[in-house]
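# Summary of the model geometry
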Amino acid sequence: GENVEQHPSTLSVQEGDSAVIKCTYSDSASNYFPWYKQELGKRPQLIIDIRSNVGEKKDQRIAVTLNKTAKHFSLHITETQPEDSAVYFCAAFYNTDKLIFGTGTRLQVFP
Amino acid sequence: SAVISQKPSRDICQRGTSLTIQCQVDSQVTMMFWYRQQPGQSLTLIATANQGSEATYESGFVIDKFPISRPNLTFSTLTVSNMSPEDSSIYLCSARLAGDEQFFGPGTRLTVL
């Protein structure tokens with residue numbers, strides 16, 4: 001069925017440490033995997049995405065990796081800062097026309 | 001990216017009434033969607049708003065409860081009908097650009113008493 005699993009549900013790190021969030025999808029035809037950051041009371045914001053023909057993509061302190069064989073993709077945040085604190089959602093395309101979201105990870109970065 | 005606006009931003013309604021939420025995009029987009037987000041939860045897709053035809057609803061959502069219109073490529077409405085307290089949630093409009101990137105409106109926070 002249409003399912004995106006996301007772990008962990010909460011993550012606490014010290015400022016400057018790295019954070020990793022992992023997702024698993026079920027549709028082998030999925031070809032687009034975005035990540036969203038949602039601050040309290042705000043709309044989800046697209047922060048990075050990756051397509052199935054790419055294994056890794058980086059944008060400054062954030063990176064996403066994709067393992068199509070295992071149907072896993074991960075978000076990596078390096079040198080975390082307090083402003084990185086938010087809820088992060090992964091998502092995957094299903095039937096190439098709808099975006100299904102993971103359950104979310106609440107990241108807290110302590111100064 | 002796309003600039004998406006929604007109105008109202010929030011509302012408090014009595015049970016049994018209906019509320020229509022409007023979504024406006026600043027450019028023509030291929031696809032528009034409506035999501036629901038319960039407090040502290042993830043985003044659940046309600047339906048795909050199809051331009052010029054009936055919306056495509058996800059399992060658990062029906063047209064009689066959530067009628068959707070999309071008269072053109074930049075505008076859509078979602079109506080929450082015959083509301084009950086269980087409908088209290090944040091409703092988010094979303095638009096997908098040609099390159100698969102999908103953006104969200106600011107949301108409408110609905111409270112049903």
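Residues numbered from 1 in each chain as written. Chains lettered and ligands numbered in written order. Predicted model: local features only at pLDDT ≥ 70, side-chain atom pairs only at ≥ 80, totals over all residues. Heavy atoms only, no water.

### Here's the deal with the overall build of chain B
When helices and strands are counted, chain B shows zero helices and eleven strands. Along chain B, helices (α) and strands (β) appear in the sequence β-β-β-β-β-β-β-β-β-β-β when read from the amino end. Radius of gyration (C-alpha) of chain B: 13 Å, near the 13 Å computed for a compact globule of 113 residues. Taken along its principal axes, the extent of the C-alpha atoms in chain B is 40 × 25 × 20 Å. Burial analysis of chain B (113 residues in total) assigns 50% to the buried set. Residue pairs at least 24 apart in sequence account for 53% of intrachain contacts in chain B once pairs closer than 6 positions are excluded. A total accessible area of about 5,200 Å² is found for chain B, and carbon and sulfur atoms account for 49% of it. Taken together, the 8 basic and 9 acidic charged side chains of chain B have centroids lying 7 Å from each other. (Helix = DSSP H or I, 4+ residues; strand = E, 2+ residues; numbered from the N terminus. Rg over C-alpha atoms; globule rule 2.2 N^0.38 Å. Buried < 20%, exposed > 50% of the residue type's maximum accessible area, 1.4 Å probe, protein only. Contact = heavy atoms within 4.5 Å. Areas by Shrake-Rupley, 256 points an atom, 1.4 Å probe, with all protein chains shown as cover. Lys, Arg positive; Asp, Glu negative; His and termini not counted. Charge placed at Lys NZ, Arg CZ, Asp CG, Glu CD.)

### Some thoughts on the sheet that holds strand S6 (residues 56-59) of chain A
Adjacent strands of a sheet pair through backbone hydrogen bonds, lying either parallel or antiparallel. Residues and elements named next belong to chain A. In spatial order, the strands read S1-S3-S8-S7-S6; together these five strands make up an open sheet with antiparallel pairing. Two strands in the sheet have a free side with no partner beyond their single neighbour: strand S1 (4-7) and S6. In this sheet, neighbouring strand axes are inclined to one another by 15° on average, regardless of whether the strands run parallel or antiparallel. Pairing geometry for S1 and strand S3 (residues 19-25), over four bridges, is antiparallel. Residue pairing for S3: His-7 is matched across the bridge by Lys-22. (Pairing = 2+ DSSP bridges. Axes fitted to C-alpha atoms, helices over the stretch in contact; angles between N-to-C directions.)

### Quick word on the state of the cysteines
Each disulfide consists of a covalent bond between the sulfur atoms of two cysteine residues. All names here are of chain B. Within the structure shown, the criterion is met by two disulfides over all chains. The partner cysteine of Cys-23 in its disulfide is Cys-93, sulfur to sulfur 1.9 Å. One disulfide, between Cys-23 and Cys-93, carries an S-S torsion of -65° and so falls in the left-handed class. Of this pair, Cys-23 sits in strand S3 (residues 19-25) while Cys-93 sits in strand S9 (residues 89-96); the two residues are 70 residues apart in sequence, bridging distant segments of the chain. Neither Cys-23 nor Cys-93 differs from the other in exposure class; each is buried. Its sulfur unpaired, Cys-13 is 18 Å from the next cysteine sulfur, which belongs to Cys-23. (Disulfide = S-S within 2.5 Å.)

### Quick notes on the environment of Ser-94 of chain B
Residues and elements named next belong to chain B. Inspection of the secondary structure puts Ser-94 in strand S9. For Ser-94, the residues in contact, after removing those within four places along its chain, are Ile-4, Met-31, Met-32, Phe-33, Tyr-35, Gln-102, Phe-103 and Phe-104. In this structure the side chain of Ser-94 is engaged in a polar contact, spanning 3.0 Å, whose partner is the side chain of Gln-102. (Polar contact = N/O pair within 3.5 Å; in protein donor to acceptor, adjacent residues only side chain to side chain.)

### Some thoughts on the interface of chain B and chain A
Of the residues lining the interface, 20 residues belong to chain B; the matching set on chain A comes to 18 residues. Contact between chain B and chain A buries roughly 1,500 Å² in total, counting both sides, with carbon and sulfur atoms accounting for 51%. Among the residues chain B hides against chain A, the three largest losses belong to Ser-42, Asp-100 and Phe-104 of chain B. Together they make up 29% of the total. The partner of Glu-58 of chain B in a salt bridge is Lys-98 of chain A, and the shortest N-O contact between them spans 2.8 Å. Linking chain B to chain A there are nine residue pairs in polar contact (both at pLDDT 80 or more). Where the side of chain B that touches chain A is concerned, the elements lending two or more residues are strand S4 (31-37), strand S5 (43-49), S9 and strand S10 (102-104) of chain B. With four residues, the single largest contributor to the side of chain B that touches chain A is S4 of chain B. (Buried area = accessible area lost by both parts, 1.4 Å probe. Salt bridge = Lys/Arg side-chain N within 4 Å of Asp/Glu carboxyl O.)

### Describing the packing of aromatic side chains
Given two aromatic rings, one states the distance between the centres and the angle between the planes to describe the pair. Applying the stated criterion to the full structure yields 13 aromatic pairs over all chains. An angle of 55° between the planes, with centres 6.0 Å apart, marks the rings of Tyr-25 of chain A and Phe-73 of chain A as tilted. In this pair, Tyr-25 of chain A is assigned in strand S3 and Phe-73 of chain A in strand S8 (residues 72-77), connecting sequence segments 48 residues apart. No difference in accessibility class separates Tyr-25 of chain A from Phe-73 of chain A, as the two residues are buried. Here Phe-33 of chain A and Phe-73 of chain A contribute two aromatic rings whose centre-to-centre distance is 4.9 Å and whose plane-to-plane angle is 50°, an arrangement assigned as tilted. One end of the pair, Phe-33 of chain A, is in strand S4 (residues 32-38); the other, Phe-73 of chain A, is in strand S8, and 40 residues separate them in sequence. For the pair shown, Phe-33 of chain A and Phe-73 of chain A are each scored as buried. The rings of Tyr-36, Phe-89 and Phe-101 of chain A together with Tyr-35 and Phe-104 of chain B are connected pair by pair, giving a single aromatic cluster. (Phe/Tyr/Trp six-rings, centres within 6.5 Å; stacked < 30°, edge-to-face > 60°.)

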